[in-house]
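Secondary and tertiary structure notes
Given next are the chains, with one letter for each unit.
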Amino acid sequence: MKNIKNMNLSKKWLGNHSEYKIIESYIYNIFYEILYEINEDVKNWTIPFFNTHFHDGFDDINGNPIFSAKNNLEQYIIKAVIDEDYNDITTFKSDFDDMPMYTIYLMSDYMNEIQYFFKQVISNQKV
């Protein structure tokens, strides 16, 4: 997606609501494509799981998280955080409300890694 690549290079997407929504939608589309590819029913998911809004109702567009989903059958959460001041990719498992939460933390230059992360987590959690 050319628009995504251009935004990655400029790093100005965090301050721009419309560009942020393009990247957010791009990540959601990746997730939905993976669900379709591995024959996972989207009805089993709450997407987004973390609703990040300010008190005035406006979206919090800081990239933390830019994506979240909860699998309601297997009871686990997937979260993606994009931080342009971070120079690496980190994945880790933690707990949230007694559920496993799988997080990927990265800068936008590494967004292609989100697809692999989503697929790996979902495939490993399927019963």
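You'll find the structure just up there.
Residues numbered from 1 in each chain as written. Predicted model: local features only at pLDDT ≥ 70, side-chain atom pairs only at ≥ 80, totals over all residues. Heavy atoms only, no water.

Another point: the environment of Ile-27. Of note, Ile-27 is situated in helix H2 (residues 17-37). Counting along the chain gives 53 residues from Ile-27 to Ala-80, while the straight-line C-alpha distance between them is 9.0 Å. If we skip the residues at most four places from it in the chain, Ile-27 touches Ile-66, Phe-67, Ile-82, Met-111, Ile-114 and Phe-118. (Helix = DSSP H or I, 4+ residues; strand = E, 2+ residues; numbered from the N terminus. Contact = heavy atoms within 4.5 Å.)

Let us now look at the sheet that holds strand E2 (residues 67-71). Spatially, 5 strands are ordered E1-E2-E3-E5-E4 in an open sheet, and the strand pairing comes out mixed. Edge strands, defined here as strands with exactly one partner in the open sheet, are strand E1 (45-46) and strand E4 (90-96). Across 5 bridges, E2 lies against strand E3 (residues 76-82) in antiparallel orientation. Across the sheet, Ala-69 pairs through a bridge with Ile-78, a residue of E3. Its contacts with the sheet place H2 against E1, E2 and E3, and it is angled at close to 30 degrees to E2. Relative to E3, helix H3 (residues 112-125) is tilted by about 170 degrees, and along the sheet it contacts E1, E2, E3, E4 and strand E5 (99-106). (Pairing = 2+ DSSP bridges. Axes fitted to C-alpha atoms, helices over the stretch in contact; angles between N-to-C directions.)

Among the secondary structure elements, Ala-80 is positioned in strand E3. Sequence separation of Ala-80 and Ser-68 is 12 residues, and the distance between their C-alpha atoms is 6.4 Å. Apart from the residues lying within four places of it in its own chain, the contact partners of Ala-80 are Gly-63, Pro-65, Ile-66, Phe-67, Ile-104 and Ile-114.

Taken residue by residue, H3 has Ile-114, Phe-117, Phe-118, Val-121 and Ile-122 as its buried positions. Taken end-on, H3 shows its buried residues confined to a sector of 115 degrees, consistent with a single buried face. Looking at H3, the residues exposed on the side facing more than 90 degrees away from the buried face are Asn-112, Tyr-116 and Asn-124. Next to the buried residues of H3 lie H2, E1, E2, E3, E4 and E5. (Buried < 20%, exposed > 50% of the residue type's maximum accessible area, 1.4 Å probe, protein only. Arc of directions from axis to C-beta.)

Okay, the nonpolar core next. Within the largest apolar cluster, 29 residues are counted, with the highest numbers of intra-cluster contacts made by Phe-31, Phe-67, Ile-78 and Phe-118. Among the elements of the structure, H2, E2, E3, E5 and H3 are those that each provide at least two residues to this core. In terms of residues, this core owes the most to one element, H2, which gives 8 residues. (Core = buried A, V, L, I, M, F, W, Y, C linked by side-chain atoms within 4.5 Å.)

This brings us to the pairing of E5. In terms of residue burial, E5 counts as a mostly covered element, since 6 of its 8 residues are buried. Two strands pair when backbone bridges link them, and E3 and E5 are joined in this way by 6 bridges, in the parallel orientation. Note that in E5 the partner of Ile-78 across the bridge is Tyr-102. Pairing geometry for E4 and E5, over 7 bridges, is antiparallel. Of the residues in E5, the one forming a bridge with Phe-96 is Met-99. What sits between the antiparallel neighbours E4 and E5 is a turn of 2 residues, in which Asp-97 has the positive phi angle 50 degrees.

Read these as geometric descriptors, not functional statements.
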